[in-house]
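# Observations on chain architecture
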Amino acid sequence: MHGKFFTLVISSLFISGTLLAQQPNNSTAEDSLNNNSAKNFLSNTTIGGYGNAFYQYNKNQKTAKVDLERFVLFIGHKFSDKISFFSEMELEDAKVNGGQPGGEITIEQAYLKFSLNPNHYIVAGLFLPRIGILNENHLPTTFNGNERNYVETLIIPATWRELGVGFYGRLNNLPVNYSLGLMNGLSAGGFTHGTGIVDGRFEGRNATGTNLAITGAVQYYQSGFKAQVSGYYGGTVGIRKTEADSLGLNSGVFGTPVAMGEGDIQYSNQGFQVKILGTILSIPDADKINKAYASNTPKTAYGAYAEIGYDLLYRQGYGKANPAQLILFVRDEKFNLNSSIPSNGITDQTLNQNHVVAGFTYLPLRNVAVKADVRLIHGGAQNPALVINPSPVALPYQNNNALINLGIGYSF
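All of the points below concern the structure found in this document. Given the structure is predicted, the values throughout are model-derived calculations rather than measurements. (Residues numbered from 1 in each chain as written. Predicted model: local features only at pLDDT ≥ 70, side-chain atom pairs only at ≥ 80, totals over all residues. Heavy atoms only, no water.)

## Some points on the overall build of the protein chain
For the protein chain, the count of helices and strands is six helices and 16 strands. Scaling as 2.2 N^0.38, a compact globule of 412 residues should have a C-alpha radius of gyration of about 22 Å, and the protein chain matches this with 22 Å. Each principal axis of the C-alpha atoms in the protein chain carries an extent, and together these give about 60 × 50 × 50 Å. For the protein chain, the residues scored as buried account for 45% of the 412 residues in total. For the protein chain, restricting intrachain contacts to residue pairs at least 6 apart in sequence, the fraction spanning at least 24 positions comes to 63%. When the accessible surface of the protein chain is split by element, carbon and sulfur atoms take 60% of a total near 19,600 Å². (Helix = DSSP H or I, 4+ residues; strand = E, 2+ residues; numbered from the N terminus. Rg over C-alpha atoms; globule rule 2.2 N^0.38 Å. Buried < 20%, exposed > 50% of the residue type's maximum accessible area, 1.4 Å probe, protein only. Contact = heavy atoms within 4.5 Å. Areas by Shrake-Rupley, 256 points an atom, 1.4 Å probe, with all protein chains shown as cover.)

## Focus: unusual backbone geometry
Positive phi values are uncommon outside glycine, yet threonine 159 reaches one of about 45°. Checked against the element boundaries, threonine 159 lands in the loop between α3 (151–155) and β6 (162–170). Residue threonine 159 is classed as buried on the basis of its relative accessible area of 7%. The phi angle at asparagine 389 is positive, at roughly 50°, despite the residue not being glycine.

## Quick word on the side chain of asparagine 211
Structurally, asparagine 211 can be placed in the loop between β7 (176–184) and β8 (212–222). Residue asparagine 211 is classed as buried on the basis of its relative accessible area, which comes to 0%. Here the side chain of asparagine 211 touches threonine 208 through a polar contact of 2.4 Å, side chain to side chain. When sequence neighbours within four positions are dropped, the list of residues in contact with asparagine 211 reads Asn184, Gly185, Leu186, Gly235, Thr236, Val237, Gly238, Gly252 and Val253. (Polar contact = N/O pair within 3.5 Å; in protein donor to acceptor, adjacent residues only side chain to side chain.)

## What to know about the pattern of salt bridges
Taken as a whole and assessed by the stated rule, the structure comprises 11 salt bridges. Across the salt bridge formed by arginine 70 and glutamate 69, the nearest N and O atoms sit 3.2 Å from each other. Residues arginine 70 and glutamate 69 agree in their burial class; the two are buried. The salt bridge involving arginine 130 is made with glutamate 136; its shortest N-O contact spans 2.9 Å. Of the residues examined, arginine 130 reaches a relative accessible area of 11% and is grouped as buried. According to the relative accessible area criterion, glutamate 136 is partly exposed, its value standing at 34%. If you follow the salt bridges from partner to partner, you end up with Glu147, Glu307, Arg331, Glu333 and Arg375 in one network. (Salt bridge = Lys/Arg side-chain N within 4 Å of Asp/Glu carboxyl O.)

## Some details on the packing of aromatic side chains
Counting across every chain of the model gives 10 aromatic pairs. Ring plane angle 10° and centroid distance 5.2 Å describe the contact between phenylalanine 86 and tyrosine 111, whose orientation is recorded as stacked. Of this pair, phenylalanine 86 sits in strand β3 (residues 83–92) while tyrosine 111 is found in strand β4 (residues 104–117), placing the two residues 25 residues apart along the sequence. With respect to burial, phenylalanine 86 and tyrosine 111 carry one shared label: buried. Between tyrosine 410 and phenylalanine 412, the ring centres sit 6.2 Å apart and the planes meet at 15°, which makes this aromatic pair stacked. When its relative accessible area of 26% is taken as the criterion, tyrosine 410 is described as partly exposed. Chaining the aromatic ring pairs together yields one cluster made of Phe74, Phe86 and Tyr111. A cation sits over an aromatic face here: lysine 371 above phenylalanine 143, 4.1 Å from the ring centre. A cation over an aromatic ring shows up here: arginine 375 above the ring of tyrosine 150, its NZ or CZ 3.9 Å from the ring centre. (Phe/Tyr/Trp six-rings, centres within 6.5 Å; stacked < 30°, edge-to-face > 60°. Lys NZ or Arg CZ within 6 Å of the ring centre and 35° of its normal.)

## With respect to a nonpolar patch on the surface
Taken together, the side chains of Phe272, Ile308, Val330, Val356, Val374, Leu376 and Ile404 make up a nonpolar region of the molecular surface, amounting to roughly 530 Å² of accessible area. Topologically, phenylalanine 272 is positioned in strand β11 (residues 272–282). The class of phenylalanine 272 is partly exposed, set by a relative accessible area of 42%. (Patch = residues over 30% accessible without salt bridge, like charges linked within 9 Å, V, L, I, M, F, W, Y side chains within 5 Å.)

## Here's the deal with the pairing of strand β12 (residues 300–311)
Here 11 bridges tie β11 to β12, and the two strands are oriented antiparallel to one another. Across the sheet, residue leucine 277 finds its bridge partner in β12, namely tyrosine 305. (Pairing = 2+ DSSP bridges.)

## Looking at the pairing of strand β2 (residues 63–78)
Across 14 bridges, strand β1 (residues 45–58) lies against β2 in antiparallel orientation. Note on β2: the bridge partner recorded for glycine 51 is phenylalanine 71. Remark: four residues form the turn of the hairpin made by β1 and β2, two consecutive strands paired antiparallel; lysine 62 in that turn has positive phi of roughly 55°. Here β2 runs beside β3; their pairing, made up of nine bridges, is antiparallel. Residue pairing across strands places lysine 78 opposite serine 84, the latter belonging to β3. Counting the residues in the hairpin turn of β2 and β3 gives four residues.

## Brief notes about helix α5 (residues 286–293)
Regarding α5, the residues found buried are Ala286, Ile289 and Asn290. Along the axis of α5, the buried positions cluster into a sector of 100°, meaning they face one direction only. (Arc of directions from axis to C-beta.)

Structure follows, in structure tokens:
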């Protein structure tokens with residue numbers, strides 16, 4: 001399997017130069033296919049991708065790591081003016097070594113897009129629902145900092161994809177986009193303390209079809225301003241009813257549900273950039289999940305962040321087709337994965353954290369980024385009841401830490 005993957009990668013790189021020459025500047029292959037502007041000799045097949053690598057120094061541990069975090073290959077195909085195919089295959093951490101911790105190969109998306117008219121389309125397959133800012137816009141050249149923000153990594157799982165059908169559209173006379181999706185639900189049995197619902201996702205692999213989820217979003221956009229509200233509601237128990245009953249869980253389409261709401265604002269003007277996002281996660285039957293799986297699942301979790309940046313090269317690049325950018329930014333992230341817990345849960349204030357991230361993003365071209373940032377972390381007090389069989393070489397818990405990151409990113 002791995003040999004076939006890398007054969008595909010090598011073949012793709014061989015022909016990508018020809019394909020890229022036929023894509024507009026300042027776009028990716030996926031953009032070209034979405035905009036119906038990709039034209040090449042491979043029968044309307046388009047190849048692109050993205051990736052990033054970074055160095056990270058951990059102040060408390062006095063250690064550093066260097067990692068090729070992501071290498072993603074995009075392949076799309078235009079069957080006709082109405083039907084297209086989109087896919088991404090991702091290799092994380094550069095290498096997969098059977099049975100060892102570390103990298104993995106995953107399919108990040110694989111769906112068909114059916115264009116109904118210029119304003120409406122349907123997607124079917126493995127797709128990323130429109131929720132938050134990062135889920136649909138996660139290329140390393142589109143966000144500041146080497147790491148994705150933690151709010152949209154732990155509260156809203158980053159690159160959250162599931163199997164289903166989505167409907168997307170926009171109004172004729174108002175600057176409003178909207179979307180609605182139906183997909184498989186989550187697995188409460190996969191929830192892990194400290195990661196919210198992240199480990200409950202199926203991501204296209206043997207998902208249960210008896211519990212489902214719905215998502216929806218509404219966007220308003222005007223010039224450099226965009227505002228969005230989005231939400232998710234879905235079941236987490238897709239096992240047989242007799243098995244669910246024995247575990248004390250509610251089965252069915254929306255049994256033992258998870259609900260999430262999100263709102264965000266983005267604004268850019270005269271070199272200034274602002275992003276604000278807030279989200280809340282609710283698991284009303286967390287006590288039943290804890291009783292069944294002993295996972296210390298919370299009833300609620302929340303997160304929010306605000307970021308401001310300024311492009312120091314804005315005046316020099318004003319009016320140019322593909323100007324260089326040097327963006328100085330600062331972001332404040334606040335999240336609590338144990339905001340409230342059921343009666344059979346254990347409080348973990350280490351999951352109540354505040355992060356301040358500051359640094360710069362240099363883009364000599366829109367599709368190439370050089371980044372440097374510092375992440376200052378403050379967490380709550382450690383609960384001794386959660387310290388079980390600690391390693392004899394474990395460092396004492398510290399409320400504060402700092403991570404220094406240097407890296408590169410690209411998209412094409």
